[in-house]
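Spelled out from the first residue to the last, the chains are:
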Amino acid sequence: DQQVKQNSPSLSVQEGRISILNCDYTNSMFDYFLWYKKYPAEGPTFLISISSIKDKNEDGRFTVFLNKSAKHLSLHIVPSQPGDSAVYFCAASAGGNKLVFGAGTILRVKS
Amino acid sequence: GAGVSQSPRYKVAKRGQDVALRCDPISGHVSLFWYQQALGQGPEFLTYFQNEAQLDKSGLPSDRFFAERPEGSVSTLKIQRTQQEDSAVYLCASSLALSYEQYFGPGTRLTVT
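Procedures and definitions
- Along each chain, residues carry numbers from 1 onward, in the same order as the chain's sequence is written.
- Chains and ligands are labelled sequentially in the order written, the chains with letters from A and the ligands with numbers from 1.
- Residue-level local features of this predicted model are given only where pLDDT is at least 70; pairs of side-chain atoms are given and counted only at 80 or more, and the full residue set underlies all totals for whole chains, interfaces and linings.
- Processing note: side-chain calculations cover all non-hydrogen atoms of the structure and skip hydrogens and water entirely.
- Helix and strand assignments follow DSSP, with helices taken as H or I runs no shorter than four residues and strands as E runs no shorter than two, numbered in order from the N terminus.
- The globule rule used here is 2.2 Å times the number of residues to the 0.38 power, and the radius of gyration it is set against is calculated over C-alpha atoms.
- By this definition, two strands are paired if DSSP reports at least two bridges between them.
- Here an angle of 0 to 180 degrees is reported between the N-to-C directions of two axes, which are lines fitted to C-alpha atoms, with helices fitted over the stretch in contact.
- Here, the term nonpolar core denotes a set of buried Ala, Val, Leu, Ile, Met, Phe, Trp, Tyr and Cys residues that are joined through side-chain atoms within 4.5 Å.
- In this scheme, a residue with accessible area under 20% of its type's maximum is buried, one over 50% is exposed, and one in between is partly exposed, where area comes from a 1.4 Å probe on protein chains only.
- Residue contacts are defined here by distance: any two heavy atoms, one from each residue, within 4.5 Å place the two residues in contact.

Would you take a moment to explain the overall build of chain B for this structure?
From N to C terminus, chain B includes zero helices and 11 strands. Start at the N end of chain B and walk to the C end: the helices and strands fall as β-β-β-β-β-β-β-β-β-β-β. Against the globule reference of 13 Å for 113 residues, chain B gives a C-alpha radius of gyration of 13 Å, in line with a compact fold. Over its C-alpha atoms, taken along the principal directions, chain B stretches across nearly 40 × 25 × 25 Å.

What is the right way to read the sheet that holds strand β8 (residues 75-79) of chain B from this model?
Paired through their backbone hydrogen bonds, the strands of a sheet run either parallel or antiparallel. Residue and element names in this part refer to chain B. Strand order in this open sheet of four strands is β1-β3-β8-β7, and the pairing throughout is antiparallel. Lying at the two open borders of the sheet, with one neighbouring strand each, are β1 (5-7) and β7 (65-68). Pairwise comparison of adjacent strand axes, ignoring direction, gives a mean angle of 15° for this sheet. Across four bridges, the pairing between β7 and β8 is antiparallel. Bridging from a neighbouring strand, Glu68 pairs with Thr76 of β8.

Explanation requested: the nonpolar core in the structure shown.
Taken as a class, soluble globular proteins show a tendency for nonpolar side chains to be buried jointly. Counting residues in each nonpolar core, the largest one holds 23 residues, and the members touching the most others are Phe33(A), Trp35(A), Leu73(A), Leu75(A) and Tyr88(A). Among the secondary structure elements, those contributing two or more residues to this core are β3 (19-25), β4 (32-38), β5 (45-51), β7 (62-67), β8 (72-77), β9 (86-93) and β11 (105-110) of chain A. If one sorts the elements of this core by residue count, β9(A) sits on top with four residues. If near-sequence neighbours (up to four positions away) are discounted, Leu73(A) is found in contact with Leu21(A), Asn22(A), Cys23(A), Tyr25(A), Phe33(A), Trp35(A), Val64(A), Phe65(A), Leu66(A) and Cys90(A). By size, the runner-up hydrophobic cluster in this structure holds 20 residues, among which are Val4(B), Phe65(B), Ala67(B) and Leu110(B).

Right, dumping it as structure tokens:
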């Protein structure tokens, strides 16, 4: 029973264009959502987060959008850079303890 | 400042052996988490400590898995009688009290042969 789903295993984007990574969830008790970025042989690195009381959070080139009615969130990266190439994980929390992760999306930014 | 560190980074064990994986969290972080990540999957929760108290161990897959954090800082995840299905990357994360944001270590890749 996957509570957090990232349906696109991979995404390829040209440098300078927008990257959009998507995530769907099923558990309506989730009240906080996070995006992590992971390079090979390293642990996940926190990128950006959003509380369920908001619908948008921005940090530099990264913006996360939350649509609670659709149980959907997305991460936008503008403009995309080759250094953004990594695996991106969506994660959700209900009450501030354990994180529930999606399976990840591999982003490749071509120069 | 120093991030979360884990040791060893790689461990090869023969089936049936016991292993111990160590995690040093960020100084001052009261919460500590262990996750298991299989190849091609996202991390899956194993257990959670607040200081030395183990508040949630619902993700531990069997009674062969045991975790401790006796002084509220360093934590050890022990796997007894390892099986091939235990092969995975074991990630440790820590966070401040009342914070959702967890900071991960580099992980220990366990291979059971």
